[in-house]
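Coordinates in review
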Amino acid sequence: MKMVFRWYGEGNDTVTLPQIKQIPGVEGIVWALHDLPAGEVWPLDRILEVRQLADQHGFHIEVVESVNIHEDIKLGLPTRDGYIDNYKKTIENLGKVGVKVICYNFMPVFDWIRTDLFKELEDGSTALFYEKVKVDSMDPMELVGKIAANPDFTMPGWEPARLKHLSRFFEAYKQVTEEDLWNNLQYFLEQIIPVAEINDIKMAVHPDDPPWSIFGLPRIMTSQENIRRLLKLVDSPSNGVTLCSGSLGVNPNNNLPDMVREFADRIPFAHIRNVRLYENGDFIETSHRAADGTVDICGIVKAYHENGFTGYARPDHGRHIWNEQCRPGYGLYDRALGIMYLWGIWDSLERSKQEVTL
Ligand code: DNO
């Protein structure tokens, strides 16, 4: 397991590289050129700047999260080919600096979504929270109206750039079924996976968060069955998944350890975090400790260990503790604690294995 840590870049993150350096066992940063809109080619000189900075602190930049997919590709519009060509150029540029994994998602319009960024837990810490009824009862057109009336209106996880086009997107997606989205994903993968293969890069799709349809938009990266289908769309080691335990874990039907076992050789990147799921479908992100949430973190790490996992892993989100002022979900302290918990499980498993072989 190669431990990595997401870093949003200088001036864009409260966490610094020297701080990350002091978390045991972190070997690389997970990064992106966050200022570039989806669809643009990532210029080599900008990528090299990141590498130089990471080098100064002894980190590699082998994992990128995310190179976002232009909406026209997801919608299957005729203009998609130009954006797919740009994507290929970006893959080539990333290959030149030694990037090994590109995490991306195929969620229409929104990425992850929550209703509260700072919901208080029993111990006074705060964390990202999802109130199911609040999202379920929101009418997309009412949303468009709210945004028109108040340009500052937003919800946690929403990108302002995309919100501006919300009404156009909702209109366009009315015609797109889940099967259409599958076809559009296949079209995209058939073109880019050969380029990823040549450049020794693994594409790793991130599951939908939460893993169900919101606002009537189709969502397909939601379950074991659908991940199985994705992997078959283009049967190549370069077509893989970012197995995110927190995203998939809010559907109690998703058995994460089982997914790790089934997809082991197609998981180049693991996001490991815990959530507590409530009976009404609400959920809150908790510490990594298994006892704090509903996700079987020990079972997941054990499954990775048993399958000789050599991919990259990151603690994904954390709570906000000790009054840390940080990007929601991306503080230093709780993610560092999460890493130590993951290493604790991993190292004990290693130790038991050695004792058995002695
Ligand atoms: C949330 C992240 C996601 C992820 C993207 C990948 O914190 O796990 O935003 O980076 O879905 O494209």
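For the structure, see preceding data.
Figured I'd write up the structure that's included with this text. (Residues numbered from 1 in each chain as written. Predicted model: local features only at pLDDT ≥ 70, side-chain atom pairs only at ≥ 80, totals over all residues. Heavy atoms only, no water.)

1. Points about the side chain of arginine 80
- Relative to the helices and strands, arginine 80 resides in helix H4 (residues 80-96).
- No salt bridge is formed by the buried arginine 80; its nearest oppositely charged neighbour, aspartate 81, is found at 4.7 Å.
- Beyond its immediate sequence surroundings of up to four residues, arginine 80 is in contact with Asp72, Ile73, Asn184 and Tyr187. (Helix = DSSP H or I, 4+ residues; strand = E, 2+ residues; numbered from the N terminus. Buried < 20%, exposed > 50% of the residue type's maximum accessible area, 1.4 Å probe, protein only. Lys, Arg positive; Asp, Glu negative; His and termini not counted. Salt bridge = Lys/Arg side-chain N within 4 Å of Asp/Glu carboxyl O. Contact = heavy atoms within 4.5 Å.)

2. Some remarks on unusual backbone geometry
- The peptide bond linking glutamate 65 to serine 66 adopts the cis configuration, its omega dihedral lying at 5°.
- Relative to the helices and strands, serine 66 resides in the loop between strand S3 (60-65) and helix H3 (71-75).
- A cis amide bond links aspartate 209 with the next residue in sequence, proline 210, at an omega value of 0°.
- One non-glycine residue with positive phi stands out, namely valine 109, at about 65°.
- Note on valine 109: relative accessible area 3%, which makes it buried.

3. Overview of the environment of arginine 46
- Here arginine 46 is to be found in helix H2 (residues 44-56).
- Residue class for arginine 46 comes out partly exposed when judged on its relative accessible area of 24%.
- As a C-alpha pair, arginine 46 and tyrosine 304 span 258 residues in sequence and 34 Å in three-dimensional space.
- When sequence neighbours within four positions are dropped, the list of residues in contact with arginine 46 reads Leu33, Asp35 and Leu36.

4. Structural notes on the environment of leucine 337
- Of note, leucine 337 is situated in helix H14 (residues 333-357).
- Between the C-alpha atom of leucine 337 and that of histidine 288, which follows or precedes it by 49 residues, the distance is 8.0 Å.
- Look past the residues within four positions of leucine 337 in its chain and what remains in contact with it is Arg319, Ile321 and Trp322.

5. So, the packing of helix H12 (residues 256-263) against helix H13 (residues 297-306)
- Contact pair H12 / H13: the axes reach a minimum separation of 8 Å and the direction vectors enclose 15°. Viewed along their axes, H12 and H13 adopt a mutual orientation that is roughly parallel. The crossing of H12 and H13 is right-handed. Residues Leu256, Pro257, Val260 and Arg261 of H12 pack against Gly299, Ile300, Ala303 and Tyr304 of H13.
- Taken together, the residues of the contact of H12 with H13 sort by class into six nonpolar, one polar and one charged. (Axes fitted to C-alpha atoms, helices over the stretch in contact; angles between N-to-C directions. Parallel < 35°, antiparallel > 145°, perpendicular 65-115°, else oblique. Left-handed = near helix turned anticlockwise from the far one by under 90°. Nonpolar A, V, L, I, M, F, W, Y, C, P; charged D, E, K, R; others polar.)

6. Some thoughts on a nonpolar patch on the surface
- The grouping of Trp322, Tyr333 and Leu337 at the surface amounts to a nonpolar patch, some 330 Å² of accessible area in total.
- As for its placement among the helices and strands, tryptophan 322 is situated in the loop between strand S12 (312-314) and H14. (Patch = residues over 30% accessible without salt bridge, like charges linked within 9 Å, V, L, I, M, F, W, Y side chains within 5 Å. Areas by Shrake-Rupley, 256 points an atom, 1.4 Å probe, with all protein chains shown as cover.)

7. Considerations on the packing of aromatic side chains
- One pass over the structure, following the stated rule, counts 12 aromatic pairs.
- With centroids separated by 5.8 Å and ring planes inclined at 50°, the aromatic side chains of tryptophan 31 and tryptophan 42 adopt a geometry described as tilted. Placement of the pair is tryptophan 31 in strand S2 (residues 26-31) and tryptophan 42 in the loop between S2 and H2, with a sequence separation of 11 residues. For the pair formed by tryptophan 31 and tryptophan 42, the shared burial category is buried. (Phe/Tyr/Trp six-rings, centres within 6.5 Å; stacked < 30°, edge-to-face > 60°.)

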